[in-house]
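Okay, here's what each chain looks like letter by letter:
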Amino acid sequence: MSTIAAHLDDVLSRIANATAQAGRPTGSVHLLAVSKTFGPDAVREAAAAGQRAFGENYVQESLEKMAVLARETVDGEPLEWHFIGPLQSNKTRPVAEHFAWVHSVDRLKIAERLSAQRPAGMPALQVCLQVNISGEASKSGVPPEDVPAVARAIAALPNLRLRGLMAIPEPQTDPARQRAPFRAVRELFDALRADGLALDTLSMGMSGDLEAAIAEGATMVRIGTAIFGARDYGPRA
Ligand SMILES: *Cc1c(COP(=O)(O)O)cnc(C)c1O
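Residues numbered from 1 in each chain as written. Predicted model: local features only at pLDDT ≥ 70, side-chain atom pairs only at ≥ 80, totals over all residues. Heavy atoms only, no water.

### Section: the pairing of strand β8 (residues 160-167)
The condition that has to hold: The buried label applies to any residue whose accessible area, calculated with a 1.4 Å probe on protein chains only, is under 20% of its type's maximum; exposed applies above 50%, and partly exposed to all values in between. Numbering goes from the N terminus for both helices and strands, where a helix is a DSSP run of H or I of at least four residues and a strand is a run of E of at least two. Think of it this way: DSSP has to see at least two bridges between two strands before they count as a pair. Seen with the strands pointing away from the viewer, any crossover whose path from the first strand over the helix to the second strand runs clockwise is right-handed.
Most of β8 sits out of view: seven of its eight residues are buried. Examined bridge by bridge, strand β7 (residues 125-131) and β8 share seven bridges and lie parallel to one another. When the bridges of β8 are listed, Cys 128 appears paired with Gly 164. Both β8 and strand β9 (residues 201-203) contribute to a ladder of three bridges, which runs parallel. Paired with Gly 164 across the bridge in β9 is Thr 201. In this fold, the crossover linking β8 to β9 by way of helix α7 (residues 175-194) has right-handed handedness.

Next up, the structure:
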């Protein structure tokens, strides 16, 4: 078994254990493999081990990878690409044209551009609204108090389907402290659903805190390091 396949196995076990521990149904938490900074060969290895959904942060890098991997399939289906990085308004067009999902919608203007630029004939672009849960000025995301209004406006756009919320809490190594921000996001999510929005996705949890996120209701965890290893940002950083 390749290293990536073995790591993928470990991550799937962590997800299954955390799901069971939380008393949630088997299979209710999906894995997004975050392949940013890793090349097509690493993605191919993960795909050969059965992983189909991949998360990317940088537009140019992801377009090159998608082109190389255009014919790659898992169970007869093409790979599914999720954009999870900060998105500037002048970069929305290639994202609208090439991705299946965007997790990092952090203002209405970005959602409006994605909807307008989604090509006719493609299925609706699946999106999550990113919530700024830790309140740091440096982190993107909509402040919690603005989430209901922005979510309603996005849900009304024609070529998007609002699936739920995404958050990246400030890193905490103490598991007891990891849960509070995830709980806050889930409470926002529950309130939106109670208010009539048909949402099914809570995108939260990374390599270091997936158990806490699953305990608080995550339905999709975004895992990079635990699958592909440490990232080398090279000249970009
Ligand atoms: C890089 C990244 C991840 C993966 O983080 P790891 O700690 O490597 O698992 C998840 N979500 C987002 C938005 C990221 O940018």
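### Describing the nonpolar core
Keep this limit in mind: Put simply, a nonpolar core is a bunch of buried Ala, Val, Leu, Ile, Met, Phe, Trp, Tyr and Cys residues held in one set by side-chain atoms that sit within 4.5 Å of each other. The contact criterion used throughout is that any non-hydrogen atoms of two residues lie within 4.5 Å.
Ranked by size, the top nonpolar core spans 63 residues in total, and within it Leu 114, Leu 129 and Leu 165 carry the most contacts. In this view, Leu 165 contacts Cys 128, Leu 129, Val 131, Val 147, Val 185, Leu 188, Phe 189, Leu 192, Thr 201, Leu 202 and Ser 203; residues no more than four positions away in its chain are not counted. Membership of the second largest hydrophobic core comes to eight residues, among which are Ala 53, Ile 84, Trp 101 and Met 166.

### Topic: the UniProt feature "modified residue: N6-(pyridoxal phosphate)lysine" (unreviewed entry) in the protein chain
Quick reminder of the rule: UniProt positions are given in the numbering used here, feature names are shortened, and annotations may be inferred rather than shown by experiment.
Those residues carrying the UniProt feature "modified residue: N6-(pyridoxal phosphate)lysine" (unreviewed entry) are Lys 36 in this numbering. Considering the arrangement of structural elements, one finds Lys 36 in the loop between β1 (30-34) and α2 (40-48). Given the relative accessible area of 11%, Lys 36 is considered buried. Ignoring anything within four residues of it in the chain, the contact list for Lys 36 reads Gly 55, Glu 56, Asn 57, Tyr 58, Glu 61, Lys 65, Arg 231 and Tyr 233.

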